[in-house]
Structure formats: C-alpha cells, structure tokens
Amino acid sequence: KETAEFGRSTSWCLNCKAVNQRDRMGGYRRGPRGRNRQLPKHSGLRRCLACDGVFPYDSFNKGPKGYRLSRCRPCMKKWRDTIRDEVIAAYGGKCTCCGESERAFLAIDHVNNDGAAHRRAAPWAARGGLPEWLKSRGFPPGFQILCYNCNVAKYRLGTCPHQASVHPTLPS
C-alpha cells in the first residue's frame, strides 16, 4: 500500500515496492541465460552469452571503451555474416552489373562514388560497420551490390567493362 504521495512520486513500503516492481517487470530481472552466469574475472575465463561456451578472456573482442564484449569471436563473426547476408539480399542478392551471385565475391558499393566522403563522415564505416548501418537505416537507396571485379573497374576506369560492352561506342 502507498505510504505517502507527493506530487507525481509515490512512496511505498519496502514489501509493497518489491511486489509492485516484480509485477511491472514480469518477475525477477534476469539476464539472457538466467541469473548472472559470468565467471569471476580473476579466473581468466568468460562465458559467451550467444553460444554459452566458456573461453579465455582474450578470445572476446574489445569494445570501443576497452571492455570485453559479451560474445566470443566466432559468434561475432557469425552475427556479422548474418547481417551482411541480409544486406546483400535486400539489395538484390547479385552483382547489378554482371549478375555474379557468389557471396564471397560480392561487395557493397556507393552508387554515386561518394564512399570516401561517407567513411569520413561516419568513422564506424572504416571499422566495417556499413552493413549494420544499412540495416539500422532500413536499407536506404544510394547503394548497390557489385562483385569485386566490377567494383574495382568502376573505381579505376569510371565504369565497368560489362557496361561498356552493353553500350559499345561506335567509331565515327
């Protein structure tokens, strides 16, 4: 029961406050795998919250402020690959120039050749965060999927040789 009411805040006795918090939160607060299951830091081991495996502390990547992430490196790679596959599927799943569909050969390309300016404006892109950014923004226009050959040819020659063969220029 309420013990006092001051403006918008309400004071509760300790027992009622605990019951109210449990009811609002849907039970006791727990982590993704139940109560805190991390191992003591001095043990040199850490539990991955994705695969529930126990690994040495050094097998977890460092976050931006120096702390260790909660997923082991293999789980992080799997997560990044999943996001990259979603981005590739959202932009057509194959090279827009030559039609190559082998995932290992595909790259994300800026349509207007403004990738360098985009990376300068967003430093996360230099660390490989472009697929996460595209997914969080709902796959905005201005990007396409090219195979590495077409992507490098577009950079060096200004256009892909496949595009030149589709629209040949006739000598006059």
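Refer to the structure presented above.
Residues numbered from 1 in each chain as written. Predicted model: local features only at pLDDT ≥ 70, side-chain atom pairs only at ≥ 80, totals over all residues. Heavy atoms only, no water.

### Overview of the pairing of strand β5 (residues 106-110)
Here is step 1: Of all five residues making up β5, five are buried, and the element is well covered by its neighbours.
Here is step 2: Here β5 shows no split at all, with Leu106, Ile108 and His110 on one side and Ala107 and Asp109 on the other all buried.
Here is step 3: As judged from the five bridges shared by β5 and strand β6 (residues 143-147), these two strands associate in the antiparallel manner. In the strand pairing of β6, isoleucine 108 is matched with isoleucine 145. (Buried < 20%, exposed > 50% of the residue type's maximum accessible area, 1.4 Å probe, protein only. Helix = DSSP H or I, 4+ residues; strand = E, 2+ residues; numbered from the N terminus. Pairing = 2+ DSSP bridges.)

### Concerning the state of the cysteines
Here is step 1: What the rule picks out here adds up to zero disulfides.
Here is step 2: Cysteine 72 forms no disulfide, and the closest cysteine sulfur to it belongs to cysteine 75, at a distance of 3.5 Å.
Here is step 3: The thiol sulfur of cysteine 160 is not disulfide-bonded, and the nearest other cysteine sulfur, from cysteine 97, lies at 3.2 Å.
Here is step 4: Given the relative accessible area of 5%, cysteine 160 is considered buried. (Disulfide = S-S within 2.5 Å.)

### A word on the pairing of β6
Here is step 1: With five of its five residues buried, β6 lies for the most part within the structure.
Here is step 2: Residues Phe143, Ile145 and Cys147 of β6 are buried on one face, and the alternating residues Gln144 and Leu146, pointing to the opposite face, are buried as well.

### So, the nonpolar core
Here is step 1: Counting residues in each nonpolar core, the largest one holds 16 residues, and the members touching the most others are Cys95, Ile108, Leu134, Phe143 and Cys150.
Here is step 2: Contributions of two or more residues to this core are made by α2 (73-90), β5, α4 (130-136) and β6.
Here is step 3: With four residues, the top contributor of residues to this core is β6.
Here is step 4: In this view, cysteine 150 contacts Cys95, Cys97, Cys98, Cys160 and His162; residues no more than four positions away in its chain are not counted. (Core = buried A, V, L, I, M, F, W, Y, C linked by side-chain atoms within 4.5 Å. Contact = heavy atoms within 4.5 Å.)

### A look at the packing of aromatic side chains
Here is step 1: Summed over the entire model, instances satisfying the criterion amount to four aromatic pairs.
Here is step 2: Relative to phenylalanine 60, the ring of phenylalanine 55 has its centre 6.3 Å away and its plane inclined at 65 degrees; by these criteria the two rings are edge-to-face.
Here is step 3: The partly exposed category is assigned to phenylalanine 55, whose relative accessible area is 26%.
Here is step 4: You can call phenylalanine 60 buried: its relative accessible area is 0%.
Here is step 5: A centroid spacing of 6.1 Å and a plane angle of 65 degrees characterise the contact between tryptophan 133 and phenylalanine 143, whose relative ring orientation is edge-to-face. Residue tryptophan 133 is located in helix α4, and its partner phenylalanine 143 is located in strand β6; the two are separated by ten residues in the primary sequence. The residues tryptophan 133 and phenylalanine 143 share a single accessibility class, namely buried.
Here is step 6: An aromatic cluster of three or more residues is present, and its members are Tyr91, Trp133, Phe139 and Phe143.
Here is step 7: Lying over the aromatic face of phenylalanine 60, arginine 46 brings its terminal NZ or CZ to 5.6 Å of the ring centre. (Phe/Tyr/Trp six-rings, centres within 6.5 Å; stacked < 30°, edge-to-face > 60°. Lys NZ or Arg CZ within 6 Å of the ring centre and 35° of its normal.)

### Things to note about the side chain of lysine 154
Here is step 1: Within the secondary structure, lysine 154 sits in helix α5 (residues 148-157).
Here is step 2: For lysine 154, a relative accessible area of 12% translates into the label buried.
Here is step 3: For lysine 154, the side chain forms a polar contact with the main-chain oxygen of histidine 110, separated by 3.1 Å.
Here is step 4: Filtering out sequence-adjacent residues up to four positions away, lysine 154 remains in contact with Asp109, His110, Val111, Asn113, Gln144, Leu146, Thr159 and Cys160. (Polar contact = N/O pair within 3.5 Å; in protein donor to acceptor, adjacent residues only side chain to side chain.)

### Describing the environment of glycine 92
Here is step 1: The residue glycine 92 is located in the loop between α2 and β5 in this model.
Here is step 2: The sequence separation of glycine 92 and isoleucine 145 amounts to 53 residues, and the corresponding C-alpha distance is 7.3 Å.

### Some words on α5
Here is step 1: If you check which residues of α5 are buried, you get Cys150, Asn151, Ala153 and Lys154. Projected down its long axis, α5 shows its buried positions confined to an angular sector of 165 degrees, all on one face. Seen from the buried face of α5, the exposed residues on the opposite side, beyond 90 degrees, are Asn149, Tyr155 and Arg156.
Here is step 2: Positive phi appears at glycine 158, one or two residues downstream of α5, with a value of about 90 degrees. (Arc of directions from axis to C-beta.)

Treat this as a map of the structure, not an account of what it does.
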